[in-house]
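# Breakdown of the fold
Residue-level listing of the chains:
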Amino acid sequence: MIIHNNVNFRDIDLENPDAELEQPKIGMWGRRHSYFLYVNEPEAYEDMMCDHSMFPYLEMIEAKAEQRYQELMKESMKELKITPALKKKNYEKWDKLFTQADLEAVQVLNKEILYTRQSLLLEDKKYAPKRWLEEYEERQELIRLHRSKRRAAAKSRVNRNAV
């Protein structure tokens, strides 16, 4: 199988070579997360590229990030009272507030989705490399164990104080 410029040549229709191949819909958010994986998780990046799960995964990240960005911008625009009337009345103030809202939304996206390996473990675990899932499950088990020990210790303290 030959892959060049994200085109899998086994998928090309040899009888109609001029037919357009469907391009993955990966925008700014997907590219940012792809670069994060490339730099910080090269093994996962390579695994996902080899098993052709990278582009569907990045499309999912793109959609989730865009949806979250729109939600954050709506909230910020309500909080900061950014309205079309303000834009007409005082464009400089509107621009300053809009830029502030945009920067805050991007910071939240960076922390929640783009620059974290946890985004692989969102709802669609089918894209996550197996070793990440195993590490995630181990961490969750340790957290559950720690919480149960804390609860038991708190109960014993309450029982000692009651006596």
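Now for a description of the structure that goes with this document. (Residues numbered from 1 in each chain as written. Predicted model: local features only at pLDDT ≥ 70, side-chain atom pairs only at ≥ 80, totals over all residues. Heavy atoms only, no water.)

Once that is clear, we can look at the side chain of S34. By the element assignment, S34 lies in helix α1 (residues 28-40). A residue is classified by how much of its surface remains accessible, and S34, at 15% relative accessible area, is buried. The contacts of S34, once residues within four sequence positions are left out, are Y45 and L58. (Helix = DSSP H or I, 4+ residues; strand = E, 2+ residues; numbered from the N terminus. Buried < 20%, exposed > 50% of the residue type's maximum accessible area, 1.4 Å probe, protein only. Contact = heavy atoms within 4.5 Å.)

It is worth spelling out a positive patch on the surface at this point. Taken together, the side chains of R147, R150, R151 and K155 make up a positively charged region of the molecular surface. Relative to the elements of secondary structure, R151 occurs in helix α6 (residues 130-162). (Patch = residues over 30% accessible without salt bridge, like charges linked within 9 Å, V, L, I, M, F, W, Y side chains within 5 Å. Areas by Shrake-Rupley, 256 points an atom, 1.4 Å probe, with all protein chains shown as cover. Salt bridge = Lys/Arg side-chain N within 4 Å of Asp/Glu carboxyl O. Lys, Arg positive; Asp, Glu negative; His and termini not counted. Charge placed at Lys NZ, Arg CZ, Asp CG, Glu CD.)

The subject of this paragraph is the packing of helix α3 (residues 54-79) against helix α5 (residues 91-114). Where α3 contacts α5, the two axes come as close as 9 Å, and the packing angle between them is 140 degrees. Classified by the angle between their axes, α3 and α5 sit oblique to one another. You can see that α3 and α5 cross each other, and the crossing is right-handed. Along the contact surface, α3 presents I61, K64, A65, R68, Y69, L72, M73, S76 and M77, while α5 presents F98, A101, D102, E104, A105, V106, V108, L109, E112, I113 and L114. Partitioned by chemical class, the residues of the contact of α3 with α5 number 14 nonpolar, one polar and five charged. (Axes fitted to C-alpha atoms, helices over the stretch in contact; angles between N-to-C directions. Parallel < 35°, antiparallel > 145°, perpendicular 65-115°, else oblique. Left-handed = near helix turned anticlockwise from the far one by under 90°. Nonpolar A, V, L, I, M, F, W, Y, C, P; charged D, E, K, R; others polar.)

Let's shift gears to unusual backbone geometry. Phi at K81 is positive, roughly 55 degrees, even though this residue is not glycine. Tracing the chain through its elements places K81 in the loop between α3 and α4 (84-89). Among the residues examined, K81 registers a relative accessible area of 62% and is labelled exposed.

Where nonpolar side chains cluster on the molecular surface, the patch consists of Y35, Y38 and V39 and spans about 360 Å² of accessible area. Relative to the helices and strands, Y38 resides in helix α1.

What tends to happen in soluble globular proteins is that the nonpolar side chains get buried as a cluster. Judged by nonpolar contacts, the single largest core of 24 residues is most densely connected at W29, L37, M54, Y57, Y69, L109 and L114. Only α1, α2 (42-50), α3 and α5 provide two or more residues apiece to this core. Sort the elements by how many residues they give to this core and α3 lands first, with nine residues. Apart from the residues lying within four places of it in its own chain, the contact partners of L109 are W29, A65, R68, Y69 and L114. (Core = buried A, V, L, I, M, F, W, Y, C linked by side-chain atoms within 4.5 Å.)

Throughout the structure, instances matching the rule amount to five aromatic pairs. Ring geometry for W29 against Y69: centres 5.5 Å apart, planes inclined by 45 degrees, an arrangement best described as tilted. Of this pair, W29 sits in helix α1 while Y69 sits in helix α3; the two residues are 40 residues apart in sequence, bridging distant segments of the chain. Every member of this aromatic cluster is reached through a ring pair, and the members are Y91, W94 and F98. Positioned over the ring face of W94 is K87, at 4.6 Å from the centre of the ring. (Phe/Tyr/Trp six-rings, centres within 6.5 Å; stacked < 30°, edge-to-face > 60°. Lys NZ or Arg CZ within 6 Å of the ring centre and 35° of its normal.)

Within the structure shown, the criterion is met by three salt bridges. With its nearest N and O atoms 3.6 Å apart, the salt bridge here joins E71 to R68. On the criterion of helical spacing, the pair formed by E71 and R68 is a turn pair, its members being three residues apart in helix α3. On the accessibility criterion, E71 (34% relative accessible area) is partly exposed. The exposure class of R68 is partly exposed, given its relative accessible area of 23%. Linked through salt bridges whose partners overlap, the residues forming this network are R68, E71 and E112.

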